[in-house]
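# A closer look at the structure
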Amino acid sequence: MKKTLFLLLLPLFFFSCNHKADKEQEISIIPQPVNLKKISGSFNTDSLNVIFMGVDQAALFNVAMHCKTMFEPVLGHKIEIVKGTGKSGQMVLDIDPDLGSEAYLLTVNNNLISIIGGDAAGVFWGIQTLKQLLPPDFEKGIRMDAFDIPCIAIEDEPRFVYRGMHLDVCRHFFAVEDVKSYIDLLVLHKFNIFHWHLTDDQGWRIEIKKYPLLTEIGAYRDETVIGRNSGEYDSKPYGGYYTQEEIKDIVAYAEDRFITIIPEIEMPGHSLAALAAYPELGCTGGPYSVATKWGVFDDVFCPGNEETFEFLENVIDEICLLFPNSPYIHIGGDESPKTRWLQCEKCKNRIENEGLADTHELQSYFIKRMADYIKSKGKSIIGWDEILEGGLANNATVMSWRGEEGGIAAAKMGHDVIMCPNEVCYFDHYQSKDTENEPLAFGGFTDCEKIYSWSPIPSDLNENQASRILGGQANLWTEYILDLDHIEYMVLPRMAALSEVLWSQPDKLNYDIFVKKLQNLTKYYDARGYNYAKN
Ligand code: TNX
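Residues numbered from 1 in each chain as written. Predicted model: local features only at pLDDT ≥ 70, side-chain atom pairs only at ≥ 80, totals over all residues. Heavy atoms only, no water.

### With respect to the pattern of salt bridges
- This structure, assessed with the given rule, holds 23 salt bridges.
- One salt bridge in this structure joins Glu102 and Arg163, with 2.7 Å as the shortest N-O distance. With Glu102 in the loop between β4 (90–95) and β5 (104–109) and Arg163 in strand β8 (residues 162–168), this residue pair connects regions lying 61 residues apart in the sequence. Across this residue pair, the class does not change: Glu102 and Arg163 are buried.
- A salt bridge links Lys180 to Glu177, with the shortest nitrogen-to-oxygen separation between them at 4.0 Å. Here Lys180 pairs with Glu177, and both are found in helix α4 (residues 176–188), just three residues apart, close to one helical turn.
- A relative accessible area of 52% means that Glu177 is categorised as exposed.
- Here the salt bridges do not stand alone but share partners, grouping Asp168, Arg171, Asp200 and Glu479 into one network. (Salt bridge = Lys/Arg side-chain N within 4 Å of Asp/Glu carboxyl O. Helix = DSSP H or I, 4+ residues; strand = E, 2+ residues; numbered from the N terminus. Buried < 20%, exposed > 50% of the residue type's maximum accessible area, 1.4 Å probe, protein only.)

This is the structure we're talking about:
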């Protein structure tokens, strides 16, 4: 009897659960907030003409300005920013440090929109969430009739402090406006770090006043190989670089959006463009030329030569001035063959004089010496996992790209780690198995589902070691990516999947719900005119 009753009631139970789930999913936010409660009713934007600021703080004022410029053209009337705790029909932004960095509470009720952040960044992320509650057409930034915003209460904070997106501007160069558009993508998905890969074999892309040849010579290559090192070349000179003024402009643009830019200056490998400009810094003395094909090259900076360190320290001096807010300088360290060092008299002397065992220890001597210098400038280094070779520098943070092993080893040694294993986080890989119908990519296969099911914290770390994992990052290497349109295609919607992995709490992750929410997010992509992958 009991069993029959149970079976009779079962469909009812499911009906009510589904109904509840449906209700929750009417509100679709990516990345999924910690807590989201829908309340009945809505706020109408008709009356919205003042943004109140609870505290008078420059950073919060910038956020309020951001909000004002976003609403004004759409609502078609002026919005004032004033100090105060809020009034019916309006919006209030405030800070409560108890909430913690980047956290926020977003409440929309019938007569007030309130966003309280742990800091100004938190308020800013709250505004990004609010945008996903507005009609997608809002994104077009053009006049609309007044509209309703559903009443809601959201408590939110990120799971990881480091949520990064990388962009290689060396293999192909992207104009200032394109880089800003890339930063806009980070904002939309609540990433807070832009890792800017500025130097490589195929081009040096940042003006250094003390060494003008770096950009006069190093920023240009004679031609570019066609496809994946086909042996055929396009015979077209290619290049470009950012002036220091442009760099400052982009850094300010990112800072206004609570995104820290971490610059990467590659050493000792991936340095052919620098050697082409200053051949005395290589073991053979050159001549060298900026690379015209992809890969790993034997000619790298010579650590036997004091001038190499003098040069790199001077470069770092200028980099530190251009990126004052980044706690890190990324110094690469990856894929640096020892071929030239093994043959070089100066390198042999260095090994002997410093009591090093071999060229692997010479690599770690190089990195440690630069790490010390960068530490003296008040910053610390990040390096690709090859910096583990021959011993890690004291305060180095390891970026684990050749799988997770490097990151695991570093965390066990008590070092900070950023996870970006290539099988999950390399967005230059294919996102469809139907590669025939995809633009040329590096290879591999990484779709949203694979990213979504990845955990940045490997299971074999204990709690203490796991606390060393600062977060994760996707890398966008651009050997085969020539323009912004293609950048968008490679990162959208994969960065939406990664944003939930890095922002949302693990118990809130549900791939089926994510896929449903993605259908809503793509309406916002459409409104912004993004070229996203639809497979
Ligand atoms: C490896 S990741 C590289 C890059 C390439 C990339 C292609 C890393 C530290 N080095 O130089 O562009 O693979 O996916």
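### Considering the packing of aromatic side chains
- Scanning the model with the defined rule gives 25 aromatic pairs in all.
- Ring centres 5.0 Å apart and planes at 55° place the aromatic pair Trp196 and Tyr242 in the tilted group. Of the two residues, Trp196 is situated in strand β9 (residues 193–197) and Tyr242 in the loop between β13 (238–239) and α6 (244–256); the sequence distance between them amounts to 46 residues.
- The class for Trp196 is buried, based on a relative accessible area of 0%.
- With 6.0 Å between their ring centres and 20° between their planes, Trp401 and Tyr426 make a pair best called stacked. With a gap of 25 residues between them, Trp401 in the loop between β17 (397–400) and α12 (405–412) and Tyr426 in the loop between α13 (422–425) and α14 (448–452) connect regions that are remote in the sequence.
- Assessed through its relative accessible area of 12%, Trp401 is described here as buried.
- Exposure remark for Tyr426: the relative accessible area of 5% places this residue in the buried category.
- Counting every residue linked through ring pairs, the aromatic cluster contains Phe173, Tyr182, Phe194, Trp196, Tyr242 and Phe323. (Phe/Tyr/Trp six-rings, centres within 6.5 Å; stacked < 30°, edge-to-face > 60°.)

### Examining the sheet that holds strand β6 (residues 112–117)
- Taken in spatial order, the seven strands of this open sheet run β1-β7-β5-β6-β4-β2-β3, and their pairing is mixed. Both edges of this open sheet fall to β1 (35–44) and β3 (80–83), since each of them pairs with a single strand only. On average, each strand axis in the sheet is tilted by 20° relative to the strand beside it, whichever way the strands run.
- In the sheet, β4 pairs with β6 via six bridges, with the strands oriented parallel. Within the sheet, the bridge partner assigned to Met91 lies in β6 and is Ile113.
- Its contacts with the sheet put helix α2 (residues 58–75) on β2 (50–53), β3 and β4, and the angle it makes with β4 is roughly 155°. (Pairing = 2+ DSSP bridges. Axes fitted to C-alpha atoms, helices over the stretch in contact; angles between N-to-C directions. Contact = heavy atoms within 4.5 Å.)

### Things to note about the domain arrangement of the chain
- The assigned domain composition of the chain is domain 1 (21–156) and domain 2 (162–528).
- Relative placement of domain 1 and domain 2: their C-alpha centres are 35 Å apart.
- Tallying the contact residues gives 29 residues for domain 1 and 27 residues for domain 2.
- When domain 1 packs against domain 2, the two sides together hide about 2,500 Å² of surface, and 62% of this comes from carbon and sulfur.
- Of all residues in domain 1, the largest losses of buried area upon contact with domain 2 belong to Ile30, Pro31 and Trp125, amounting jointly to 28% of the total for that side.
- Viewed at the interface, domain 2 and domain 1 are joined by two salt bridges.
- Inspection of the region where domain 1 meets domain 2 yields 12 residue pairs in polar contact (both at pLDDT 80 or more).
- Every element with two or more residues in the side of domain 1 that touches domain 2 is listed here: α2 and α3 (120–131). (Domains from an automatic or database assignment. Buried area = accessible area lost by both parts, 1.4 Å probe. Polar contact = N/O pair within 3.5 Å; in protein donor to acceptor, adjacent residues only side chain to side chain.)

### Quick look at the sheet that holds β17
- As summarised here, the arrangement of the eight strands in space is β8-β9-β14-β15-β16-β17-β18-β19, forming a closed barrel in which the pairing is parallel. Taken pair by pair, the neighbouring strands of this sheet meet at an average axis angle of 30°, ignoring direction.
- Where strand β18 (residues 417–419) lies against strand β19 (residues 469–474), three bridges are found, and the strand directions are parallel. Paired with Ile418 across the two strands is Gly471, which belongs to β19.
- The strands touched by helix α8 (residues 306–322) are β14 (260–267) and β15 (328–332); relative to β14, the strand with the most contacts, the crossing angle is about 170°.

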